[in-house]
Amino acid sequence: MGVRPPSSGDDEEPDSIEFGIAAVDARLKDAELRFPATKDDVNAALGHERIPYDVHGNDVALSEMLERVPARQFESRQELLNALHEPFEEYRRNRSGGVVAQVRSLLPF
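Just so you know, these numbers come straight off a predicted model, no measurement behind them. (Residues numbered from 1 in each chain as written. Predicted model: local features only at pLDDT ≥ 70, side-chain atom pairs only at ≥ 80, totals over all residues. Heavy atoms only, no water.)

Caption draft 1: Local environment of the nonpolar core. Counting 22 residues, the largest nonpolar core has Val-24, Val-42, Leu-62, Leu-84 and Phe-88 as its most contacted members. Contributing elements (two or more residues each) for this core: α1 (21-30), α2 (39-46), α3 (62-67) and α4 (77-95). At 5 residues, α4 tops the list of elements feeding residues into this core. Once you skip the residues sitting within four places of it in the chain, Leu-62 turns out to touch Val-24, Val-42, Leu-46, Gly-47, Glu-49, Ile-51, Leu-84 and Phe-88. (Core = buried A, V, L, I, M, F, W, Y, C linked by side-chain atoms within 4.5 Å. Buried < 20%, exposed > 50% of the residue type's maximum accessible area, 1.4 Å probe, protein only. Helix = DSSP H or I, 4+ residues; strand = E, 2+ residues; numbered from the N terminus. Contact = heavy atoms within 4.5 Å.)

Here's what the structure looks like:
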């Protein structure tokens, strides 16, 4: 998941804000983790990382999200990301400020 922040009025293209599995993917690309990997391998390499779960920058430890995944091993990076998708979505839904906050997060102001 990723959302572009509102423009600051300059001509420069804004960076996107990565959260959820997009943020996990970015960290996996920099990590020295090889697949297949066990949940313990992922936790040892990245469990301490704080991952933003919404556009506001609220974050959660990857180790906490891994606890919600039933799989014990991942054959590929994509398999890990797929397994983490639903736990991140559920976490975000349960911690959002309701419909008003969700709509506000989509508006450019």
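Caption draft 2: Spotlight on unusual backbone geometry. With an omega dihedral of 5°, the bond running from Phe-35 to Pro-36 counts as a cis peptide bond. Assignment of secondary structure puts Pro-36 in the loop between α1 and β3 (37-38).

Caption draft 3: Structural detail: the environment of Arg-27. With respect to the element layout, Arg-27 can be found in helix α1. Arg-27 sits 19 residues away from Leu-46 along the chain, and the two C-alpha atoms are 7.9 Å apart. If near-sequence neighbours (up to four positions away) are discounted, Arg-27 is found in contact with Leu-46, Glu-49, Arg-50, Ile-51 and Pro-52. In terms of polar contacts, Arg-27 uses its side chain to reach the backbone carbonyl oxygen of Arg-50, at 3.4 Å. (Polar contact = N/O pair within 3.5 Å; in protein donor to acceptor, adjacent residues only side chain to side chain.)

Caption draft 4: Region of interest: the packing of α1 against α4. Contact geometry for α1 and α4: axes closest at 9 Å, N-to-C directions at 150°. Comparing their axes, α4 and α1 come out roughly antiparallel. Judged by the sense of rotation from one axis to the other, the crossing of α1 with α4 is right-handed. Mapping the contact onto sequence places Ile-21, Val-24, Asp-25, Leu-28 and Lys-29 in α1 and Arg-77, Leu-80, Leu-81, Leu-84, His-85 and Phe-88 in α4. When the residues that make up the contact of α1 with α4 are grouped by side-chain class, the tally is 7 nonpolar, 1 polar and 3 charged. (Axes fitted to C-alpha atoms, helices over the stretch in contact; angles between N-to-C directions. Parallel < 35°, antiparallel > 145°, perpendicular 65-115°, else oblique. Left-handed = near helix turned anticlockwise from the far one by under 90°. Nonpolar A, V, L, I, M, F, W, Y, C, P; charged D, E, K, R; others polar.)

So, to be careful, I would describe these as geometric facts and stop short of saying anything about function.
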